[in-house]
Amino acid sequence: MDKIIEELPVKAKEKWLENKKYFAKLKSRQRKRLDIMMKEIHDEEFRHTDCLTCANCCKTTSPIFTEKDISRISKHLKMKEGRFIEQYLQRDDDDFMVLKSAPCTFLDHDNTCFIYDVRPKACSEYPHTNRKKFIQLTDLTLKNTEICPAVFNMVETLKAKLPL
């Protein structure tokens, strides 16, 4: 898995322009079955992908923490919200609350999450490839091809199943 993660940014950058053009064409055609197809591709990919062997998302990026996430997680950790924010979070350039550091503070040595049951919504929905209105998330998906091997594979599968 380490080799795959190491090679992923290079492979994703090589495919970036092709994928950008593909998603632009896909947007202009508004495929009716796209959400259903992406859910099928997503489910198939995660039948043989174990996130615990990778955790690259947790090692390299931060989710956005909503007010509800902060409230839920700080309560779980028995901390005041202000203290939780002070200790773990900062505002990014887009004014979102994100982790101060990577890898994620809550990532354990075995790639499990200390706060899995109360993790941020952005973590529970990652990599966002099985959500409704997938077409609205193509920019995020393109970015995630550099982070998540499963997303890279799903985009390649989508292009094969739905050539434009």
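Our structure's up above, just so we're on the same page.
Residues numbered from 1 in each chain as written. Predicted model: local features only at pLDDT ≥ 70, side-chain atom pairs only at ≥ 80, totals over all residues. Heavy atoms only, no water.

(A) Up close: the overall build of the protein. A count of helices and strands for the protein gives eight helices and two strands. Along the protein, helices (α) and strands (β) appear in the sequence α-α-α-α-α-β-β-α-α-α when read from the amino end. Taken over the C-alpha atoms alone, the protein extends approximately 50 × 35 × 30 Å along its principal axes. Evaluated residue by residue, the protein yields a buried proportion of 36% over its 164 residues. Of the contacts formed within the protein by residues at least 6 apart in sequence, a portion of 68% connects residues at least 24 apart. Approximately 10400 Å² of the protein is accessible, and the part contributed by carbon and sulfur atoms is 52%. When the 31 basic and 26 acidic side-chain charges of the protein are each reduced to a single mean position, those positions are 6 Å apart. (Helix = DSSP H or I, 4+ residues; strand = E, 2+ residues; numbered from the N terminus. Buried < 20%, exposed > 50% of the residue type's maximum accessible area, 1.4 Å probe, protein only. Contact = heavy atoms within 4.5 Å. Areas by Shrake-Rupley, 256 points an atom, 1.4 Å probe, with all protein chains shown as cover. Lys, Arg positive; Asp, Glu negative; His and termini not counted. Charge placed at Lys NZ, Arg CZ, Asp CG, Glu CD.)

(B) Geometry of a positive patch on the surface. Residues Lys-21, Lys-25, Arg-29 and Arg-31 make up a contiguous surface patch of positive charge. Relative to the helices and strands, Lys-25 resides in helix α1 (residues 2-29). (Patch = residues over 30% accessible without salt bridge, like charges linked within 9 Å, V, L, I, M, F, W, Y side chains within 5 Å. Salt bridge = Lys/Arg side-chain N within 4 Å of Asp/Glu carboxyl O.)

(C) Representation of the environment of Ser-62 within the structure. Mapped onto the secondary structure, Ser-62 falls in the loop between α3 (56-60) and α4 (67-76). By relative accessible area, Ser-62 is classed as partly exposed at 27%. For Ser-62 and Leu-8, which are 54 residues apart along the polypeptide, the C-alpha to C-alpha distance reads 18 Å. Setting aside anything within four residues of it in sequence, one finds Ser-62 in contact with Val-98 and Leu-99. Among the polar contacts made by the side chain of Ser-62, one reaches the main-chain amide nitrogen of Leu-99 at a distance of 2.7 Å. (Polar contact = N/O pair within 3.5 Å; in protein donor to acceptor, adjacent residues only side chain to side chain.)

(D) Quick peek at the packing of helix α2 (residues 34-47) against helix α8 (residues 149-161). Two numbers describe how α2 lies on α8: the axes approach to 10 Å, and their chain directions differ by 130°. Taken as axis vectors, α2 and α8 run oblique relative to one another. Of the two elements, α2 crosses α8, and the hand of that crossing is right-handed. Here α2 contributes Leu-34, Met-37, Met-38, Ile-41, His-42, Glu-45 and Phe-46 to the contact with α8, which in turn contributes Ala-150, Asn-153, Met-154, Thr-157, Leu-158 and Lys-161. When its residues are assigned to classes, the contact of α2 with α8 shows eight nonpolar, three polar and two charged. (Axes fitted to C-alpha atoms, helices over the stretch in contact; angles between N-to-C directions. Parallel < 35°, antiparallel > 145°, perpendicular 65-115°, else oblique. Left-handed = near helix turned anticlockwise from the far one by under 90°. Nonpolar A, V, L, I, M, F, W, Y, C, P; charged D, E, K, R; others polar.)

(E) Expanded view of the side chain of Thr-129. Along the chain, Thr-129 falls in the loop between α6 (121-125) and α7 (138-144). In terms of polar contacts, Thr-129 uses its side chain to reach the side chain of His-42, at 2.6 Å. Apart from the residues lying within four places of it in its own chain, the contact partners of Thr-129 are Met-38, Lys-39, His-42, Phe-134, Thr-141, Val-151 and Met-154.

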